[in-house]
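Chain by chain, the residues run as shown.
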Amino acid sequence: MGVSQSLGLPRGKGAFPVGCTDVMVGQTPKGLFFRLFYPCIQQDGAEQPFWIPRYEYYYGISDYMNMNRKWCAPLLSVTFGSCKIPVSWDAPFKPCSHKYPLIIFSHGLGAFRTVYSAICVEMASRGFVVMALEHRDHSASATYFCKLDPETPDFPEAQIREEWLSYQRVPKGQKEFRFRNPQLHQRANECIRGLKLIRSIDSGKDVVNLLRTDFELSVLKDNVDLSKVSVMGHSFGGTTAVLALVKEAQFKCAVALDAWMFPLENSVYPKVTKPVLFVNTESFQTAESVAKMKKISAVSNETKVITILGTVHQSQTDFTFLAGNLVNKVFRTRGTIDPYQGLDITSQASLAFLQKHLQLKEDFDRWDSLLEGVGDSVVPDSPLQKSSL
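Think of each chain on its own: its residues are numbered from 1, step by step along the sequence as written. Local features in a predicted model are, by the rule used here, given only for residues with pLDDT of at least 70; side-chain atom pairs are given and counted only at 80 or more, and totals for whole chains, interfaces and linings are based on all residues. Only hydrogens and water are removed before side-chain values are computed, so all heavy atoms of the structure are retained for them.

## Regarding the overall build of the protein chain
Threshold: Think of it this way: any DSSP run of H or I at least four residues long counts as a helix, any run of E at least two long counts as a strand, and we number them from the N terminus. Our radius of gyration is a C-alpha quantity, and the globule rule it is checked against amounts to 2.2 Å times the number of residues to the power 0.38. Three labels apply to residues, based on accessible area from a 1.4 Å probe with only protein chains included: buried if under 20% of the type maximum, exposed if over 50%, partly exposed otherwise in between. The contact rule is simple, with two residues in contact once any of their heavy atoms fall within 4.5 Å.
Looking only at helices and strands, the protein chain has 9 helices and 12 strands in total. Relative to the 2.2 N^0.38 estimate, which gives 21 Å for 389 residues, the radius of gyration of the protein chain is 20 Å and therefore close to what a compact globule would have. Taken over the C-alpha atoms alone, the protein chain extends approximately 65 × 50 × 45 Å along its principal axes. Counting the 389 residues in the protein chain, one finds 57% classified as buried. Considering only intrachain contacts with a sequence separation of at least 6, the fraction spanning at least 24 residues in the protein chain is 73%.

Structural data, given as structure tokens:
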């Protein structure tokens, strides 16, 4: 199938309008920073947030791509600066008597909290609360935290100071696994801290958002189903989801999008006893990586591995919708499949999997065949003809 000529971030196809807000908790890198996507009350003419939230992220992307900031950041700003996410910023939360299931989403290497907005919006439109983390292990292209400025004690509004954390490459002379594995554990622990934060809010604890948005976190109380919690992620985030599933009993299952399995230690594989859905792209995985996924599927027959044909690694990010032809040629942001079809397959397979393992009372089981690799542009396992890893 050909690629759509007019691209842009899609609206969710589910029944719920989607709102979003940013949340930062804690005044050290040990705190949490995330974008919350949630079912909202429809707001006509509501503000839509920019896809790249701050100019500093353009610098971070330049650094991650190992390109000169002076020309790369302005070029990225011109290319993506006007892009907005089709959601309502700080819109009122839509209460729900049966409570919403929760997804905690982990981004990939060199990414950040907004780069997977398309999949997060789609899941929220289907009735999920989605917490898209921005990891502080120096794997994000850029991120920051806010702390009190001791030099301005008499001016409360000036007491919060931003401190930016940059992307870090593997130091020369150090084995990549030795560098990435501790990052992986920090990321999984941040996923767990995200779940604990929602638990705290649900218990009635007052949580302060340092970003001072109009969204009141207290509205989540009694509206999130803490018995139906999953973890999801792409690439480094996909493996993060697998490790978090092992570390936290409350996570029922994981969805790993084109998981980069390399940083996960061998001792973990026998411990992955809960279901994982691996949704791979055609050109990224290696035989070694797929063999690691099959180690997990050997432990649980509920674990599934499927591949979407015509896709590349970036097909599961927002870049596949927003990059023009020149950027696509340089960075391979799109494969041969229509990006919207790729998103449909990814989201529908994920929804079918989540319905089964979170015991949801929805109609997502109409896509169960995708979990067996049956359908247009999807196959079981991984064909491995064109790996780029």
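## A word on empty space enclosed by the protein
Filter applied, for reference: Here the term cavity refers to a set of points on a 1 Å grid, laid over the protein atoms alone, in which a 1.4 Å probe fits but cannot get out; the term pocket refers to an open set having protein on both sides within 12 Å along at least five of seven lines, with lining residues being those that place an atom within 4 Å of a point. Grid points are joined across faces, edges and corners, and a volume is the space filled by probe spheres set on the points. Think of it as three bins: nonpolar holds Ala, Val, Leu, Ile, Met, Phe, Trp, Tyr, Cys and Pro, charged holds Asp, Glu, Lys and Arg, and polar takes everything else, Gly as well.
Per the counting criterion, the structure on display carries 1 cavity of 30 Å³ or more. In this structure, the largest cavity spans a volume of roughly 120 Å³. Around the largest cavity, the lining is made up of 16 residues, and of these S315, Q316, T317, L343 and T346 lie nearest the centre. Sorting the residues of the lining of the largest cavity by element identifies helix 3 (117–125) and helix 9 (339–358) as the ones contributing at least two each. In terms of residues, the lining of the largest cavity owes the most to one element, helix 9, which gives 3 residues. Looking at the lining of the largest cavity residue by residue, the classes come out as 8 nonpolar, 7 polar and 1 charged.

## With respect to the nonpolar core
Selection rule: For our purposes a nonpolar core is just a set of buried Ala, Val, Leu, Ile, Met, Phe, Trp, Tyr and Cys residues, chained together by side-chain atoms within 4.5 Å.
In terms of nonpolar packing, the biggest core is built from 63 residues, with F37, W51, F80, F128, V130 and L354 touching the most fellow members. With 8 residues, helix 9 is the single largest residue contributor to this core. Here F37 is in contact with V18, G19, C20, S117, C120, V121, A124, F128, V129, V130 and A132, once residues within four sequence places are set aside. Listed in part, the 56 residues of the second largest apolar core include V207, V231, Y269 and M293.

## Focus on the packing of aromatic side chains
Going by this rule: The aromatic pairing rule takes the rings of Phe, Tyr and Trp, using the six-membered ring of Trp, and pairs them if the centres are within 6.5 Å, calling planes under 30 degrees apart stacked, those over 60 edge-to-face and the rest tilted. Distance and angle both matter: a charge sits over a ring if NZ of Lys or CZ of Arg is within 6 Å of the ring centre and within 35 degrees of the ring normal.
Tallied over the entire structure, the rule returns 20 aromatic pairs. Ring centres of W51 and F80 lie 5.4 Å apart, and the angle between their planes is 70°; this geometry places the pair in the edge-to-face category. Taken together, the residues span a long stretch of sequence, with W51 in the loop between strand 2 (32–39) and helix 1 (56–64) and F80 in helix 2 (residues 69–80) at a distance of 29 residues. You'll find W51 and F80 in the same group, each marked buried. With a centroid separation of 5.0 Å and an interplanar angle of 85°, the aromatic rings of Y64 and Y167 are classed as edge-to-face. Pair noted here: Y64 is in helix 1 and Y167 is in the loop between strand 7 (160–166) and helix 4 (176–202), with a separation of 103 residues, a long-range link. Here the aromatic residues F16, Y38, F93, Y100 and F215 are joined through ring pairs into a cluster of three or more. Residue placement shows R54 over the ring face of Y144; its charged tip is 5.3 Å from the ring centre. Against the face of F236 rests R187, its NZ or CZ located 4.3 Å from the ring centre.

## Concerning the side chain of T281
Applicable threshold: Any N or O atom pair separated by 3.5 Å or less is treated as a polar contact, with the protein-specific requirement of one donor-capable and one acceptor-capable atom, and with residues adjacent in sequence counted only for side-chain atom pairs.
Summarising the element assignment, T281 is placed in strand 10 (residues 276–281). Here the side chain of T281 touches D258 through a polar contact of 2.5 Å, side chain to side chain. Residues in contact with T281, not counting those within four places in the same chain, are D258, T307, I308, T311, V312, H313 and Q316.

## Focus: helix 6 (residues 287–299)
For clarity, the threshold we go by: For a helix, the expected span equals 1.5 Å multiplied by the residue count minus one. This arc is built from the directions going out from the helix axis to the C-beta atoms.
Between its first and last C-alpha, helix 6 extends 19 Å over 13 residues, near the 18 Å set by a 1.5 Å rise per residue. Where helix 6 is concerned, the buried positions are S289, V290, K292, M293 and I296. Along the axis of helix 6, the buried positions cluster into a sector of 155°, meaning they face one direction only. Residues of helix 6 that are exposed and angled more than 90 degrees away from the buried face: A287, E288 and A298. Buried residues belonging to helix 6 abut helix 5 (236–247), strand 10 and strand 11 (304–308).

## A few points about unusual backbone geometry
The backbone of K99 shows a phi angle near 70°, a positive value even though the residue is not glycine. We classify K99 as partly exposed; its relative accessible area is 28%. Positioned with a positive phi, S235 is a non-glycine residue whose angle comes to about 60°. Tracing the sequence through the fold places S235 in the loop between strand 8 (224–234) and helix 5.

## Observations concerning the side chain of S230
Topologically, S230 is positioned in strand 8. The residues contacting S230, other than those within four sequence positions of it, are L102, I103, I104, F251, C253, L354 and L358.

## Here's the deal with the sheet that holds strand 3 (residues 88–89)
Condition: A pair of strands is considered paired only if DSSP assigns at least 2 bridges between the two.
Strand order in the open sheet formed by 10 strands is 3-1-2-5-4-8-9-10-11-12, and the pairing between neighbours is mixed. Only two strands of the sheet have a single partner each, and these edge strands are strand 3 and strand 12 (378–380). Relative to strand 10, strand 9 (residues 251–257) runs parallel, the two sharing 4 bridges. Counterpart to L257 in the pairing with strand 10 is V279.

## Describing the layout of surface pockets
A volume near 320 Å³ is recorded for the second largest pocket. Around the second largest pocket, the lining is made up of 19 residues, and of these D22, R54, W89, R113 and Y144 lie nearest the centre. Those elements giving two or more residues to the lining of the second largest pocket turn out to be strand 6 (142–148) and strand 7. When grouped by side-chain class, the residues that make up the lining of the second largest pocket number 9 nonpolar, 2 polar and 8 charged.

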